[in-house]
Amino acid sequence: MNHKIATFLAGLGAFFVVALLVFAMKYYTRPAPLNQARAAERSAALKEVREAAAKTLNTAEVTDATKGTVRLKIDTAMELTVREFQNPAAFRTNLVARANKAAEPPPKLPEQPNKYE
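Values in this document were obtained by computation on a predicted structure and should not be read as measured data. (Residues numbered from 1 in each chain as written. Predicted model: local features only at pLDDT ≥ 70, side-chain atom pairs only at ≥ 80, totals over all residues. Heavy atoms only, no water.)

Chemist: Which residues make up the overall build of the protein, and what are the values?
Modeler: Within the protein, the regular secondary structure consists of four helices and two strands. With respect to the three principal axes, the spread of C-alpha positions in the protein is 90 × 55 × 40 Å. Looking at the protein as a whole, 1% of its 117 residues qualify as buried. Restricting to contacts in the protein with at least 6 residues of sequence separation, those with at least 24 account for 13%. (Helix = DSSP H or I, 4+ residues; strand = E, 2+ residues; numbered from the N terminus. Buried < 20%, exposed > 50% of the residue type's maximum accessible area, 1.4 Å probe, protein only. Contact = heavy atoms within 4.5 Å.)

Listed below in structure tokens is the structure:
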């Protein structure tokens, strides 16, 4: 009987030690509360990011004139995708060709002639 009580008390003690460590870590790792200025700064930054994202999604722009790439409005891009996907095989080949054109590496620089030639 004495062995069972000692085992129980050891388990209970281990539980309390772990609980104490959890509460201590929670106390010591708690970040400082946000003051009003920091909250306003974060809110302004979030508003700026959302406005930039909305502008990017809702305006068309030439992104690279030399490669002929443009950014379309999201609505226009979705309508174009649905319309072109009416013929899936042609859509895939066209998409692969456009992706390869957009991702093609720049031309190599001319090789410097060897100074001993």
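Chemist: Give me the lowdown on the pattern of salt bridges, citing residues and values where you can.
Modeler: Applying the stated criterion to the full structure yields three salt bridges. Note that Arg 38 and Glu 41 form a salt bridge whose closest N and O atoms lie 3.2 Å from each other. Residue Arg 38 and its partner Glu 41 are both found in helix H2 (residues 36-58); the two are separated by three residues, about one turn of the helix. Classification of Arg 38 as partly exposed rests on a relative accessible area of 38%. (Salt bridge = Lys/Arg side-chain N within 4 Å of Asp/Glu carboxyl O.)

Chemist: Please set out the packing of aromatic side chains residue by residue, giving values where relevant.
Modeler: All told, the structure shown has three aromatic pairs when counted by the stated rule. Geometrically, the ring pair formed by Tyr 27 and Tyr 28 is edge-to-face, given 5.0 Å between the ring centres and 75° between the ring planes. In terms of burial, Tyr 27 and Tyr 28 fall into one category: exposed. Measuring from ring centre to ring centre gives 5.2 Å for Phe 85 and Phe 91, while their planes differ by 85°; the resulting arrangement is edge-to-face. (Phe/Tyr/Trp six-rings, centres within 6.5 Å; stacked < 30°, edge-to-face > 60°.)

Chemist: Pulling in residues and values, what's your account of the layout of surface pockets?
Modeler: Taking a probe equal in size to a water molecule and rolling it over the atoms shows the remaining empty space. In this model, the largest pocket occupies a volume close to 340 Å³. Taken together, 14 residues line the largest pocket, and the ones lying closest to its centre are Gly 68, Val 70, Leu 72, Leu 80 and Arg 98. Residue contributions to the lining of the largest pocket peak at five residues, all from helix H4 (residues 88-102). For the lining of the largest pocket, the class distribution of residues is seven nonpolar, three polar and four charged. (1 Å grid on protein atoms, 1.4 Å probe; cavity = no way out; pocket = protein on both sides within 12 Å on 5 of 7 lines; lining within 4 Å. Points joined across faces, edges and corners; volume = space filled by probe spheres on them. Nonpolar A, V, L, I, M, F, W, Y, C, P; charged D, E, K, R; others polar.)

Chemist: So, a nonpolar patch on the surface: which residues are in play, and what are the values?
Modeler: Taken together, Ile 5, Phe 8, Leu 9, Leu 12, Phe 15 and Phe 16 make up a surface patch of nonpolar side chains, about 650 Å² in accessible area. Along the chain, the position of Phe 8 falls in helix H1 (residues 2-28). (Patch = residues over 30% accessible without salt bridge, like charges linked within 9 Å, V, L, I, M, F, W, Y side chains within 5 Å. Areas by Shrake-Rupley, 256 points an atom, 1.4 Å probe, with all protein chains shown as cover.)

Chemist: Can you break down the pairing of strand E1 (residues 61-64) residue by residue, with the values?
Modeler: Looking down a regular strand, the side chains alternate between one sheet face and the other. Pairing of E1 with strand E2 (residues 69-71), which is carried by three bridges, proceeds in the antiparallel orientation. Looking across to E2, one finds that Val 62 is bridged to Val 70. Taking the residues between adjacent antiparallel strands as the criterion, E1 and E2 are bridged by four residues, where Gly 68 takes a positive phi near 75°. (Pairing = 2+ DSSP bridges.)

Geometric values such as these leave the question of function open.
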